[in-house]
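Inside the fold
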Amino acid sequence: LPSPHSSPSSKMVLPSKLTATLVAVVVFTTAMIADGFAPAIHPGTTGSRLATTTKTTHLHVQAAVRGRGGAKPSPLLEDALSSYPYIFKTESEKADASSNFNELARLYGDEEALGMVKIEPNALKMQRENFAKTLDIFAEQFGLEASQAMVQRNPGLLGIPPWNAENAESCMAFSYVIAVTRPLPKIAAAGLLLALLTAGVTD
């Protein structure tokens, strides 16, 4: 008979701090996917303000959009407004949504902006003053085109304020996961994400 003090042949491996963090993210992300919302995985910052010694404001973004005519309405504006699933209660609210879409079209392109709004309609209600600033912070880390593609995969990132956009490696990684799981049924997408992120928690 085995000794009552002998250790079992297989033992549970306690999750590391990183794994515990991932599990917490899984709980949040799974709930959001199940509820039909494209989550924005925020960078691992504590909300500290950007240093005043950053590069010239919006250098990457301004270079990319120069000549697009930012004041000119997008030809796809009406398509974007008609795809909004809620009712605009006032003309002012509709005007704000129009300004949001025109800013997205200026930064990402008309077709790309329409695609993002169809994925995340709330983009029309987010703080458009942050769109260029946050994109610029992302561009300093990944380059402009890669940053634009990242936000297109997960338009929920449009809601991240610029002072919380540093150290955005997690945003880049999760944008691929969210893009892959989005076409799947909600329950299947949540299960796949859960399996991906909890792999290796136990032996």
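The structure contained in this document is the topic of the report that follows. (Residues numbered from 1 in each chain as written. Predicted model: local features only at pLDDT ≥ 70, side-chain atom pairs only at ≥ 80, totals over all residues. Heavy atoms only, no water.)

**What about the environment of Val177?**
As a reminder of what qualifies: Helix and strand labels come from DSSP, where a helix needs a run of H or I of at least four residues and a strand needs a run of E of at least two; each type is numbered from the N terminus.
Examined against the element boundaries, Val177 turns out to sit in helix H8 (residues 169-181). It is 9.1 Å that separates the C-alpha atoms of Val177 and Arg153, two residues lying 24 residues apart in sequence.

**Describing a negative patch on the surface**
Selection rule: Patch construction takes residues with relative accessible area above 30% that form no salt bridge. Like charges are linked within 9 Å, and nonpolar side chains (Val, Leu, Ile, Met, Phe, Trp, Tyr) are linked within 5 Å. Residue-level accessible areas treat just the shown protein chains as cover; the underlying method is Shrake-Rupley with a 1.4 Å probe. Criterion for a salt bridge: a side-chain nitrogen of Lys or Arg within 4 Å of a carboxyl oxygen of Asp or Glu. In this count, Lys and Arg are taken as positive residues and Asp and Glu as negative ones, while His and the chain termini are left out. Where a charge lies is defined by one atom per residue type: Lys uses NZ, Arg uses CZ, Asp uses CG and Glu uses CD. Partly exposed describes any residue whose relative accessible area lies between the buried limit of under 20% and the exposed limit of over 50%, with all areas from a 1.4 Å probe on protein chains only and scaled to the type maximum.
Where like charges cluster on the molecular surface, the negative patch consists of Glu78, Asp79, Glu111 and Glu112. Listed by contribution, the elements that provide at least two residues to the negative patch are helix H3 (77-83) and helix H5 (110-119). Here Glu111 is to be found in helix H5. The class for Glu111 is exposed, based on a relative accessible area of 57%.

**Observations regarding helix H6 (residues 131-142)**
This is how it is decided: An expected span of 1.5 Å times one less than the residue number is assigned to each helix.
The end-to-end C-alpha separation of H6 is 16 Å, in line with the 16 Å expected for twelve residues at 1.5 Å each. Along H6, the residues classified as buried are Phe131, Ala132, Thr134, Leu135, Asp136, Ile137, Phe138 and Ala139. Downstream of H6 by a residue or two, Gly143 has a phi angle that is positive, lying close to 95°.

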